[in-house]
Each structure stands twice: as C-alpha cells, then as structure tokens.
Amino acid sequence: MTTRDDALALDSTDPLAPLRDQFALPAQTIYLDGNSLGVPPAAAAQRAQVVIAAEWGEGLIRSWNNAGWFALPRRLGNKLAPLIGAAADEVVVTDTISVNLFKLLSAGLRLQHERAPQRRVIVSERANFPTDLYIAQGLIEQLDRGYTLRLVDDPAELAQAIDDTAALVMLTHVNYRTGYMHDMAALTQMIQQKGALALWDLAHSAGAVPVDLNQANADYAVGCTYKYLNGGPGSPAFAWVARRHQDRCTQPLSGWWGHRAPFEMQPDYQPGHGIGRFLCGTQPIVSMALVECGLDVFLQTDMAALRRKSLALADLFIEQVQTRCAAYGLNLITPLDHAQRGSQVSFEHPQGYALIQALSARGVIGDYREPHVMRFGFTPLYTRFVDVWDAVAALEDVLATEAWRAPAFAARGSVT
Ligand SMILES: *Cc1c(COP(=O)(O)O)cnc(C)c1O
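Owing to the predicted nature of the structure, the values given are computational and were not obtained by experimental measurement. (Residues numbered from 1 in each chain as written. Predicted model: local features only at pLDDT ≥ 70, side-chain atom pairs only at ≥ 80, totals over all residues. Heavy atoms only, no water.)

All right, on to the overall build of the protein then. Along the backbone of the protein there are 14 helices and 13 strands. Rg of the C-alpha trace for the protein: 22 Å, near the compact-globule value of 22 Å for 416 residues, within the 12% margin. For the C-alpha atoms alone, the extent of the protein along its principal axes is close to 65 × 60 × 40 Å. Buried residues in the protein amount to 55% of all 416 residues. Partitioning the intrachain contacts of the protein with sequence separation of at least 6 by distance along the chain shows that 74% fall at a separation of at least 24. For the protein, the computed accessible surface area is about 17300 Å², with 55% contributed by carbon and sulfur atoms. The distance from the centre of the 34 positive side-chain charges to the centre of the 42 negative ones in the protein is 5 Å. (Helix = DSSP H or I, 4+ residues; strand = E, 2+ residues; numbered from the N terminus. Rg over C-alpha atoms; globule rule 2.2 N^0.38 Å. Buried < 20%, exposed > 50% of the residue type's maximum accessible area, 1.4 Å probe, protein only. Contact = heavy atoms within 4.5 Å. Areas by Shrake-Rupley, 256 points an atom, 1.4 Å probe, with all protein chains shown as cover. Lys, Arg positive; Asp, Glu negative; His and termini not counted. Charge placed at Lys NZ, Arg CZ, Asp CG, Glu CD.)

A few words now on the pairing of strand 6 (residues 197–201). Counting buried positions along strand 6 gives five out of five residues, so the element sits mostly inside the fold. Burial along strand 6 is two-sided: L197, L199 and D201 and A198 and W200, pointing in opposite directions, are all buried. Here five bridges tie strand 5 (residues 166–172) to strand 6, and the two strands are oriented parallel to one another. For V169, the partnering residue across the bridge sits in strand 6 and is A198. With helix 8 (residues 184–193) bridging strand 5 and its parallel neighbour strand 6, the resulting β-α-β unit is right-handed. As paired elements, strand 6 and strand 7 (residues 220–223) share three bridges and run parallel to each other. Residue pairing in the sheet places D201 in a bridge with V222 of strand 7. (Pairing = 2+ DSSP bridges. Right-handed = clockwise from strand over helix to strand, strands pointing away.)

Okay, the nonpolar core next. The biggest cluster of nonpolar side chains holds 60 residues, and the ones touching the most others in it are I84, I162, W200, L202, L213 and F238. Ranked by residues supplied to this core, first place goes to helix 11 (residues 285–298) with seven residues. If we skip the residues at most four places from it in the chain, L213 touches I84, G85, M184, L202, A218, A221 and W240. (Core = buried A, V, L, I, M, F, W, Y, C linked by side-chain atoms within 4.5 Å.)

Listed below in structure tokens is the structure:
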C-alpha cells in the first residue's frame with residue numbers, strides 16, 4: 001500500500017507540480033471540489049483590479065473598443081477551443097449552460113424540422129444534470145408542436161431509444177454524480193448513423209479530460225468555465241457549434257450581440273455569420289475577463305499530461321479509501337476503468353452529507369449530491385499526491401471516531 005512518503009515522492013517527481021504556485025489556495029485546505037467551483041488563479045485578483053480600476057474606471061465606455069470588451073466572448077472562445085478539440089471561430093464564451101442549451105437545442109430541432117420533420121424526440125438520460133432536462137422540458141412546452149423528451153435509465157439503452165423519431169440526443173459527457181464518462185466518438189457516430197444530432201454537455205469535461213469535438217464529428221456542445229477551468233463563481237459558460245451548422249441554423253434568443261451589425265441599429269434581426277450568432281446580449285465583462293486567467297494556466301501544459309496525473313490521483317484515492325476505510329460501508333460508484341472515468345471519484349454512504357461536513361471542518365473539501373453521494377474532484381493543476389493521502393487519512397479518522405455524528409454536521413445549507 002502507498003505510504004505518505006510514497007505520496008511525497010510522487011509529488012517530487014511530478015512535472016506538473018510547479019503549476020500549483022499559479023493558484024491562490026487557502027492555507028490548511030485540501031480542495032477536492034474543483035469539479036464544482038475551481039480555485040482562483042493567482043493572477044485573477046490583479047486582473048480584476050485592472051478591469052475595475054483601469055478599464056472601467058479610467059477607460060469607461062471607450063473600453064468596449066480599447067480594452068477589447070466587445071470581442072471578449074470570441075477571443076476567449078478561441079483560447080478555450082484547443083481544450084475541447086474545436087477550431088478557431090467555433091466557440092463563444094457567453095451566458096450560462098442552461099441558456100446555451102436552450103439556444104443549441106432550439107437550433108438543432110429547427111435544423112431537423114427542415115430535413116426530417118417527423119423527428120420530434122429529444123433523447124437524454126434520466127441521470128443527466130437536472131438543468132439540462134429542465135431546459136429541454138421548457139423548450140418542448142414553448143414549441144407546443146408534439147415534441148417529447150425520452151429518457152433512458154442506462155447508457156446501454158441508448159441505441160434502442162434512438163429510433164427514426166429521434167431528432168437530437170443530448171448527453172453529458174461525464175456524469176456529475178458518478179463520474180462515468182461516455183465514449184463521445186462512438187456514441188456520436190451511432191447517433192448520426194441513426195439520423196439524429198449529437199449535443200454534448202462538457203460541464204465536467206472541459207479542462208478535466210481530453211475532448212476532441214471535431215474528431216468526434218459532434219454537432220453541438222456546451223460547457224462551463226467555473227468548474228475545472230477556474231473562471232470564478234458564475235463565470236460565463238461556452239457554446240460550440242460545428243462549423244457545418246453555424247450558418248444553417250438560427251437560435252431564438254436573437255439579441256443584438258448576435259446580429260450581423262449590431263451598431264447599425266436596424267429594426268430587423270439579421271443573424272451574424274458563424275458562431276457569433278449564438279451570442280445574445282451584453283455580457284458580464286468583469287466576470288468574463290477573469291476566465292482568461294484560468295485559461296492561461298492551461299497554455300503551460302496539455303490535456304494529455306493533465307489526464308495522466310488526474311487518473312493517478314484518483315487511482316491513489318480509490319486504493320487508499322478501499323484499503324483504509326474498508327470497514328465503513330463506502331460504496332464506489334465511479335468506474336475503475338480509465339476509459340469510463342472523468343476526473344472525479346464518488347462514493348455512496350448513508351451518512352454522506354454529514355461525512356462531507358465533518359471533512360470540511362477538518363479542511364478537506366469535497367461535496368455532496370443527492371442521494372447519498374460524496375464527490376471528490378481531482379484537479380491535477382493544483383492537487384498533490386500527498387493531499388490525496390492526507391484527505392483519506394482525515395476520512396478514515398472521521399469514520400473511525402464517528403465525528404460525523406456531531407449535530408452541526410447534519411444542518412443543511414441551501415447549496416450542498
Ligand atoms: C454544472 C452543470 C450545469 C450548470 O448549468 P448553469 O446553467 O451554468 O448553472 C449544467 N449542466 C451540467 C451537466 C453541469 O454539470
């Protein structure tokens with residue numbers, strides 16, 4: 001079994017170890033929740049200061065041009081593109097995943113309406129992140145044209161569920177609860193062979209696992225920047241549309257930022273060319289500017305190196321929990337197979353909520369998702385092997401001493 005000294009030795013030879021200095025981590029904290037909210041890049045505070053004091057404070061309205069504010073959604077999209085296998089001018093950073101899903105689902109249904117109007121079913125998984133399903137439900141209700149949402153309970157049922165009524169298949173690449181990862185290329189091929197479009201949610205993939213949207217020939221994708229990309233709380237999401245579809249489909253949130261010439265102030269909407277038409281309105285520039293600090297760190301490494309370390313961290317965590325905490329009824333729900341695993345590890349435990357609270361009180365931060373799921377995210381940019389070792393030592397202690405029984409650890413905030 002791996003000892004603490006072994007973990008320290010792994011850190012001393014880890015080529016990614018220096019990147020940790022580029023993050024402003026609080027002292028005495030082991031942060032295993034970068035899958036929910038990333039850590040601030042060290043550069044973010046300074047960047048915020050420049051945006052507020054210089055660009056906003058001094059530049060004022062001139063900064064839309066002079067500080068490049070207006071171009072920010074596209075410029076950041078281009079910087080993010082290599083992380084998800086996208087080309088230049090295929091991604092915009094904008095809005096939220098929920099809003100971008102509405103746009104892209106609408107665009108996909110409309111495209112199918114033109115080429116195969118009998119296809120009126122959106123296929124997804126019951127285990128998908130709720131907002132994805134809620135947005136599909138809301139869109140279907142708005143359209144009021146007999147569209148339906150068909151949910152499968154197991155990925156193995158997808159092939160059967162995608163029949164000749166399926167318009168679009170909306171899948172989240174890495175499941176938020178279990179960390180299960182789909183084979184994007186194989187599923188996209190299967191979906192398209194059956195005549196449907198493939199929309200991928202990369203919330204737990206962008207910056208977490210290698211993604212190649214163009215190689216997979218995907219149709220649409222969304223993702224967020226505040227998880228593994230360390231953009232900051234509520235930082236804008238992104239939308240990707242395969243270039244072959246960009247000028248062929250429109251989206252219903254036809255705001256002026258997506259217009260061909262917004263400052264001509266014409267009364268009629270005319271969509272811009274390319275990915276720009278997937279913008280809607282004025283963006284939260286202060287928040288968006290900080291996304292760049294997170295993306296800049298990725299320029300110093302590559303997803304293959306990050307993936308190697310992410311899997312090694314997670315493998316160590318699983319090995320340690322399964323040996324040291326074997327007596328306490330933790331149930332691993334994340335696949336052991338690397339090809340089916342994202343960058344998080346989840347265990348079920350009936351007292352999962354209180355356990356996560358008790359760990360947090362000891363400076364080990366994971367999170368909890370209903371029902372009974374303890375999630376631990378492994379972000380190789382700033383997590384050390386010794387952090388993993390120490391986190392499991394804390395977990396073992398909380399279980400052995402039953403420290404989780406303290407009443408304070410049962411109290412629930414509105415965010416778990
Ligand atoms: C985190 C997450 C979201 C968040 O959506 P927002 O609209 O940006 O709040 C959506 N989908 C998935 C799969 C997620 O993991």
